[in-house]
Amino acid sequence: MNDEQLTHFLNGNNGVIKVCRFANGEFKLDRHVRGNGGGAIGAAVGVVAGTAVVQGVAHGTIWTIAACTGPFVFFVGYALEAACAPAIASATVYAAAVGGLTGAVATGPI
């Protein structure tokens, strides 16, 4: 950076300069840029996508298995839904969080 760029960087509250000293007495200057966070729209899309994937796979698998039982399709389907509901809910929350963070980072001004 030249002097003007360094002044603009520090006065614009864009980051800080870190000073490191080597064992031989020399110094090294590093800049640390503060991120502005992630993109809100990307986060929202990521949450929806993560939720949709887990819900679609989980419920699709349950009802595919239930369809193989012939006349007992609804009994088996609802029993599997009840048995798997806590695991599906937990996986959905995890997938929504991961999808949201991924979407925010991918679209944010970091």
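This text goes with the structure placed above it.
Predicted, not measured: the structure shown is a model, and the values here were computed from it.

**Q** Explain the pairing of strand β2 (residues 27-33) to me, using residue names and the numbers behind them.
**A** Inspection of the sheet shows strand β1 (residues 15-21) paired to β2 by seven bridges, in the antiparallel sense. Bridging across to β2, Ile17 finds its partner in Arg31. In sequence, β1 turns back onto β2 through a hairpin of five residues, with Gly25 there showing a positive phi of about 95°.

**Q** If you had to explain a nonpolar patch on the surface to someone new, which residues and values would you point to?
**A** Residues Leu6, Leu10, Ile17, Val19, Phe27 and Leu29 make up a contiguous nonpolar surface patch of roughly 560 Å² in combined accessible area. When residues of the nonpolar patch are traced back to their parent elements, those giving at least two are α1 (3-11), β1 and β2. Mapped onto the elements, Ile17 comes out in strand β1. We classify Ile17 as partly exposed; its relative accessible area is 31%.

**Q** Tell me about the packing of aromatic side chains, residues and numbers included.
**A** Applying the stated criterion across every chain yields a total of three aromatic pairs. When the centroid spacing of 5.3 Å and the interplanar angle of 80° are considered together, the rings of Trp63 and Tyr78 count as edge-to-face. Taken together, the residues Trp63 in helix α2 (residues 40-67) and Tyr78 in helix α3 (residues 73-107) connect sequence positions 15 residues apart. Accessibility expressed as a relative area gives 28% for Trp63, which makes it partly exposed. For Tyr78, a relative accessible area of 54% corresponds to the exposed category. By way of ring pairs, the aromatic residues Trp63, Phe74 and Tyr78 are connected into one cluster.

Cut-off values and rules
- All residue numbers refer to position in the chain's written sequence, counted from 1.
- Per-residue local features of the predicted model are confined to residues with pLDDT of at least 70, and side-chain atom pairs are confined, for both listing and counting, to 80 or more; whole-chain, interface and lining totals are unaffected and use all residues.
- By convention in this description, side-chain values take in all heavy atoms of the structure and omit both hydrogens and water.
- A pair of strands counts as paired when DSSP detects no fewer than two bridges linking them.
- Only DSSP runs of H or I covering at least 4 residues are called helices, and only runs of E covering at least 2 are called strands; the numbering of each starts at the N terminus.
- To count toward a patch, a residue needs a relative accessible area over 30% and no salt bridge; like charges are then connected within 9 Å, while nonpolar side chains (Val, Leu, Ile, Met, Phe, Trp, Tyr) are connected within 5 Å.
- Per-residue accessibility takes into account occlusion by the displayed protein chains alone, with areas from the Shrake-Rupley method and a 1.4 Å probe.
- One side-chain nitrogen of Lys or Arg within 4 Å of one carboxyl oxygen of Asp or Glu is enough to make a salt bridge.
- When accessible area is computed with a 1.4 Å probe and restricted to protein chains, residues below 20% of their type maximum are described as buried, those above 50% as exposed, and intermediate ones as partly exposed.
- Ring pairs are drawn from Phe, Tyr and Trp, using the six-membered ring of Trp, whenever the two centres fall within 6.5 Å, and their geometry is named by plane angle: stacked under 30 degrees, edge-to-face over 60, tilted for the rest.

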